[in-house]
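These are the residues of each chain, in order.
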There are 2 protein chains.
Amino acid sequence: MPRTTPQHRKVTLADIAQGCDVSRATVSLVLRGSPLVNSATRARVEAELKRQGYVYNRAAANLRRRTSSSIGLVVNDLGNPFFAEFAAGADEALARAGYVTLLGNTGESPERQQAVLTSLVEHGPAGIILSPAEGSDGERVLAAVGMHTPLLVFNRELPDDDGTHRWDTLEMDNEHGARLATEHLLGLGHRRVAFFGGHRDSSSVEQRRRGYLGAMRDAGLAVDPGWLIESAPTRLEAARQTGALFARDPAPTAAVCYNDAVALGLMLGLTRRGRRPGEDFALTGFDDVAEASVCVPPLTTVAVDPRGLGRRSAELILQRLGNPDTDTAYTIAPVRLVVRESSCPPASP
Amino acid sequence: MPRTTPQHRKVTLADIAQGCDVSRATVSLVLRGSPLVNSATRARVEAELKRQGYVYNRAAANLRRRTSSSIGLVVNDLGNPFFAEFAAGADEALARAGYVTLLGNTGESPERQQAVLTSLVEHGPAGIILSPAEGSDGERVLAAVGMHTPLLVFNRELPDDDGTHRWDTLEMDNEHGARLATEHLLGLGHRRVAFFGGHRDSSSVEQRRRGYLGAMRDAGLAVDPGWLIESAPTRLEAARQTGALFARDPAPTAAVCYNDAVALGLMLGLTRRGRRPGEDFALTGFDDVAEASVCVPPLTTVAVDPRGLGRRSAELILQRLGNPDTDTAYTIAPVRLVVRESSCPPASP
DNA sequence: CTGAAAGCGCTTACAG
DNA sequence: CTGAAAGCGCTTACAG
């Protein structure tokens, strides 16, 4: 199995110029589609380009023109379907706009995030889309990104001690999503509704709780403090916390869960205690992960269209490139409720 | 909310050189860690680097040195968790080796694949990892990639009319995986085992069928041609084909499914016909998608460690960069069987 | 140990 | 309409 030995030396503008007896400048103009070039000359050049199998060296062009044709995309965890879909959407929109995506994966570690950002910036992206690792700090991020590269922060709030908004932001409408879920449960007739899971100090938990509390207040219902139950946002921890729901009497008949992972854990916990989720206890999730539609019972949840968010993030950063000096924007993406069997009416007493 | 206006003009080597009264050459040597530089000079330069907030322009360096610090990673569909995990693994290993990942997503379209490859190549990656879109053609791919950029083809065979192996290949051990699944079912006591799903002309179907047939042969069992059932590799089509399993009498008591999607569809089809998968019919999948562990019954399947494959692909392409002239390699990654409830013993008659 | 000079592959005023 | 020349930000022999 012989390997075709690559011919070294790639073909450059100079080779083409020489090959059809024009200057490099003329070849460059042809390449960039300038109307100045005589059509006969253009044809000759284009033929030679094809004949020699020329491939454009965009890095060299970018250096000379002081432009960039890449955007950095840094996510916490590509293995998480939410971020994978987000990346797919962003890449799609960036590619369509002629940019290539420089990928970075932080694995939720602020240290790796610093390393990734530092490395990315050296490659000179026109902008960076960042979904910050948990616990990252705005100052450190900005130190790595520098003042020259526009930054769009997605999904999580990045602590901004400085106070001036030095980056664009894209978040989903956590508050509204939780409100929708809560109103849905109330509409089914529930009166004692808990908010289950998540740590209070997370910005998204705080936003979702706010939506829940608002809906309860608007319905004229008092919230028992014991109905606000914390847990790590994982299936296992949520299952462990199930008991806390039934510490009070009367106990809640329904729960708005922080996210789908928590909701799936709660389902498990309920089942272990002999309760039947979707029959004698109602619950909702947040995210609409793939599993939500196939678990038993299927999970009512708030869908956030991660692919659409990815596209949106690309649009926002590209827009920023065109208007470097306008005020930074804080964009909130809509969410919608997907009703499935897990949100049942209250069991008749 | 005023936006901090970015100071234009980034700081360059020349700024640093001027700032501490040395030549650009010396600054460059410091940057690249040359031992030639006097330690006092080095310290001065490093201080100035920090003071001015210098960021290395890797593109310029790459141009001058005729090197590259990026690798293209082109996958069919980032939204598919398998490829997302693969990308995460590849990116992790590439980042560790000092490369940045140029992402490309083809959405399973050979046309987009050509566009993506053409664009990527202009950014001068040191190599490309490609999971080909279904129906892509080796000649076209190679025309876009060119002879200068090493190519690693992952997951699917790329038709190679030429016959000389012009790219490295990484595949998972489809044959062995299907053999493991088949042997497992035989070990449980099944004698009439079908191979269910997938199109015969797909290379991975062909490989998996070979493993199944080998295990049957080794067990001294004849395979009824009616046990080889084709279907599109989707859940819906698989569900529709369920009837074909029971066209013969006696019917199979178990099926090795082409992949998890097919297996999940078959479960659905069985249930619709009043059969209980995992109780009166045994089946296995392939891939170990997230759903496999949570469906009812949980699915026995062949796990392929996509993240590990991603890392491996990175290692292979980096290895190729170091040895451009050695023969191309055909690497087969191991798989393992994950036993769950869907593979039950045959129902006693 | 340090600097002057040439050059990576492009683009862009500026002449003509 | 086309070419000569300068330059993007680096690196690397080559002198000294």
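Starting afresh in each chain, residues are numbered from 1 along the sequence in its written order. Both sets of labels track the order of writing: A upward for chains, 1 upward for ligands. In view of the model being predicted, local features appear only for residues whose pLDDT reaches at least 70, and side-chain atom pairs are presented and counted only at 80 or more, with totals across whole chains, interfaces and linings using the full set of residues. In computing side-chain properties, one takes all heavy atoms of the structure into account and sets aside hydrogens as well as water.

**Here we look at the overall build of chain A**
- Looking only at helices and strands, chain A features twelve helices and twelve strands.
- Here the globule rule is a power law, 2.2 Å times the number of residues to the power 0.38, and the radius of gyration is based on C-alpha atoms. The C-alpha atoms of chain A give a radius of gyration of 27 Å, which is well past the 20 Å a tight globule of 349 residues would have.
- Each principal axis of the C-alpha distribution contributes one length, and for chain A these read about 90 × 55 × 35 Å.
- The buried label goes to any residue with under 20% of its type's maximum accessible area, the exposed label to any with over 50%, and the partly exposed label to all in between, with areas taken from a 1.4 Å probe on protein chains only. When burial is assessed residue by residue, chain A has 51% of its 349 residues classed as buried.
- Residue pairs at least 24 apart in sequence account for 69% of intrachain contacts in chain A once pairs closer than 6 positions are excluded.
- For chain A, the accessible area works out to roughly 15,600 Å², and carbon and sulfur atoms hold 51% of it. Helix and strand assignments come from DSSP, with helices taken as H or I runs of at least 4 residues and strands as E runs of at least 2, each series counted from the N terminus. Throughout, a residue-residue contact means that at least one pair of heavy atoms, one from each residue, lies within 4.5 Å. Note that accessible areas follow from Shrake-Rupley with a 1.4 Å probe, and for residues the cover is restricted to the protein chains shown.

**Details of the sheet that holds strand β7 (residues 228-229) of chain B**
Residues and elements named next belong to chain B.
- Pairing within the open sheet is parallel, and its four strands lie in the order β7-β6-β8-β9. The open sheet has two free edges, formed respectively by β7 and β9 (282-284), since each of these has just one partner strand.
- The sheet strands contacting helix α8 (residues 174-187) are β6 (193-196), β8 (254-257) and β9, and the helix crosses β8 at an angle near 165°.
- Every axis corresponds to a line fitted to the C-alpha atoms, with the helix fit spanning only the stretch in contact, and the corresponding angles, defined between N-to-C directions, vary from 0 to 180 degrees. Against the sheet, helix α9 (residues 203-218) makes contact with β6, β7 and β8, and its axis sits at roughly 175° relative to β6, the strand it touches most. Here, any two strands with at least 2 DSSP bridges between them count as paired.

**Some remarks on the protein's contact with DNA strand D**
- Think of it this way: one heavy atom of a residue within 4 Å of a molecule or strand is enough to make that residue near it. The environment of DNA strand D is formed by 26 residues, the closest being A:Thr41, A:Arg64, B:Ser28, B:Tyr56 and B:Arg64.
- Protein-adjacent atoms of DNA strand D, using a 4 Å cutoff, are sugar or phosphate at a proportion of 68%.
- Within 3.5 Å is the distance limit for a polar contact, defined as a pair of N or O atoms, with the added protein rule that one can donate a hydrogen and the other accept it, and that residues adjacent in sequence qualify only through two side-chain atoms. For DNA strand D, a base nitrogen lies 2.8 Å from a polar atom in the side chain of B:Arg24.
- One of the side-chain nitrogen or oxygen atoms of B:Ser28 is found 2.4 Å away from a phosphate oxygen of DNA strand D.

**Overview of the interface of chain A and chain B**
- Each partner contributes residues to the interface: chain A has 56 residues there, and chain B has 56 residues.
- Reported buried area values correspond to the accessible surface (1.4 Å probe) lost by two parts on association, with both partners' losses combined. For the chain A and chain B pair, buried surface summed over both sides reaches about 4,900 Å², with 58% attributable to carbon and sulfur atoms.
- Salt bridge criterion: a side-chain nitrogen from Lys or Arg within 4 Å of a carboxyl oxygen from Asp or Glu. Our count for the contact surface shared by chain A and chain B stands at four salt bridges.
- A salt bridge links B:Arg58 to A:Glu122, with the shortest nitrogen-to-oxygen separation between them at 2.2 Å.
- At the surface where chain A touches chain B, the tally comes to eight residue pairs in polar contact (both at pLDDT 80 or more).
- Where the side of chain A that touches chain B is concerned, the elements lending two or more residues are α4 (58-65), α5 (81-96), β2 (100-105), α6 (110-122) and α12 (306-322) of chain A.
- Within the side of chain A that touches chain B, the residues separate by chemical class into 23 nonpolar, 16 polar and 17 charged. As a working rule, the residues Ala, Val, Leu, Ile, Met, Phe, Trp, Tyr, Cys and Pro are called nonpolar, Asp, Glu, Lys and Arg charged, and the rest polar, with Gly in that last group.

**Quick word on the UniProt feature "domain: HTH lacI-type" (unreviewed entry) in chain A**
- UniProt positions are given in the numbering used here, feature names are shortened, and annotations may be inferred rather than shown by experiment. Mapped onto this numbering, the UniProt entry gives "domain: HTH lacI-type" (unreviewed entry) at residues 11-65 of chain A.
- With 67% helix and 0% strand, residues 11-65 of chain A has end C-alpha atoms that lie 21 Å from one another.

**Overview of the packing of aromatic side chains**
Residues and elements named next belong to chain B.
- Classification of ring pairs rests on two measures: the distance between centres of Phe, Tyr or Trp rings, Trp counted by its six-membered ring, which must be within 6.5 Å, and the angle between planes, read as stacked under 30 degrees, edge-to-face over 60 and tilted in between. The tally for this structure, following the rule as stated, stands at ten aromatic pairs over all chains.
- Plain terms: the ring middles of Phe82 and Phe83 are 5.2 Å apart, the flat faces sit at 85° to each other, and that makes the pair edge-to-face. In this pair, the class of Phe82 matches that of Phe83, namely buried.
- An angle of 10° between the planes, with centres 3.8 Å apart, marks the rings of Phe86 and Phe154 as stacked. Of this pair, Phe86 sits in helix α5 (residues 81-96) while Phe154 sits in strand β4 (residues 151-154), and the two are 68 residues apart along the sequence.

**Overview of the packing of α5(A) against α12(A)**
Residues and elements named next belong to chain A.
- Contact pair α5 / α12: the axes reach a minimum separation of 6 Å and the direction vectors enclose 40°. Judged by the angle between their axes, α5 and α12 are oblique. Crossing of α5 against α12: the hand is right-handed. Along its contact with α5, which presents Phe82, Glu85, Phe86, Ala88, Gly89, Ala90, Glu92, Ala93, Leu94 and Arg96, the element α12 presents Pro306, Arg307, Leu309, Gly310, Arg311, Ser313, Ala314, Ile317 and Leu318.
- Across the contact of α5 with α12, the residue classes tally to eleven nonpolar, three polar and five charged. Note that the term roughly parallel is reserved for angles under 35 degrees, roughly antiparallel for angles over 145, roughly perpendicular for angles of 65 to 115, and oblique for everything else. Take the far helix as the reference: if the near one is turned anticlockwise from it by less than a right angle, the crossing is left-handed, and if turned clockwise, right-handed.

**Side note on the environment of B:Ala88**
- In this structure, B:Ala88 sits in helix α5.
- The residues contacting B:Ala88, other than those within four sequence positions of it, are A:Leu78, A:Gly79, A:Asn105 and B:Arg307.

**Brief notes about the pairing of strand β11 (residues 330-333) of chain B**
All names here are of chain B.
- Of the two faces of β11, the one holding Thr331 and Ala333 is buried and the one holding Tyr330 and Ile332 is not buried anywhere.
- Direction of pairing for strand β5 (residues 168-172) relative to β11: parallel, over a ladder of four bridges. Looking at β11, one finds that Leu170 is bridged to Thr331.

**What about the relation of the copies chain A and chain B?**
- Copy-to-copy superposition: least squares on the C-alpha atoms, limited to residues that have pLDDT of at least 70 in both copies. Of the two same-sequence chains, chain A is brought onto chain B (RMSD 0.2 Å, axial shift 0.0 Å) by a rotation of 180°. These values place the two chain copies in the arrangement generated by a two-fold rotation axis. The rotation axis passes nearest to the C-alpha of A:Leu102 in chain A, at a distance of 2.5 Å.
- Looking at the interface residues of chain A, 100% of them are also at the interface in chain B, so both copies use one shared face.

**Some remarks on the nonpolar core**
- Counting residues in hydrophobic clusters, the biggest one holds 129 residues, and the most contacted among them are A:Phe196, A:Leu266, B:Phe196 and B:Leu266.
- Leave out the neighbours within four places in its chain, and A:Phe196 touches A:Ile229, A:Ala238, A:Gln241, A:Thr242, A:Leu245, A:Ala255, A:Val256, A:Cys257, A:Tyr258, A:Val262 and A:Leu266.
- To define a nonpolar core, start from buried Ala, Val, Leu, Ile, Met, Phe, Trp, Tyr and Cys residues and group those joined through side-chain atoms within 4.5 Å. Within the second largest apolar cluster, 34 residues are counted, among which are A:Val74, A:Leu151, B:Val145 and B:Leu151.

**Description of the pattern of salt bridges**
- The final tally for this structure, using the stated rule, is 46 salt bridges over all chains.
- Here the salt bridges share partners, and the residues they tie into one network are A:Arg179, A:Glu183, A:Arg217 and A:Asp218.

**Concerning helix α11 (residues 260-272) of chain A**
Residue and element names in this part refer to chain A.
- Expected span, for any helix, means 1.5 Å times one less than how many residues it has. For α11, spanning 13 residues, the distance from its first C-alpha to its last is 18 Å, which sits close to the expected 18 Å at 1.5 Å a residue.
- Close packing links the buried residues of α11 with β6 (193-196), α10 (235-241), β8 (254-257), β9 (282-284) and β10 (301-303).
- In this structure Asn259 caps α11, since a side-chain oxygen of it lies 3.1 Å from the backbone nitrogen of Ala261.
- Immediately downstream of α11, the backbone of Gly274 shows phi near 85°, a positive value.

**Focus: the sheet that holds β6(A)**
Residue and element names in this part refer to chain A.
- Taken together, the four strands give an open sheet; going across it, the order is β7-β6-β8-β9, and neighbouring strands pair in parallel fashion. The sheet terminates laterally at β7 (228-229) and β9, the two strands that pair on one side only.
- Taken together, the four bridges between β6 and β8 define a ladder with parallel strand orientation. Counted as the bridge partner of Phe196 is Cys257 from β8.
- In this fold helix α8 (residues 174-187) packs onto β6, β8 and β9, with an angle of close to 165° to the strand it touches most, β8.

**Considering the side chain of A:Asn62**
- Among the secondary structure elements, A:Asn62 is positioned in helix α4.
- The contact partners of A:Asn62, leaving out residues within four places of it in the chain, are A:Thr67, A:Ser68 and A:Ser69.

**What to know about the environment of B:Tyr54**
All names here are of chain B.
- Mapped onto the elements of the fold, Tyr54 is located in the loop between α3 (39-52) and α4 (58-65).
- With relative accessibility at 17%, the residue Tyr54 sits in the buried group.
- For the pair Tyr54 and Ile16, spaced 38 residues apart in sequence, the C-alpha to C-alpha distance is 7.9 Å.
- Apart from residues lying up to four places away in sequence, Tyr54 is in contact with Val11, Thr12, Leu13, Ile16, Leu31 and Leu49.

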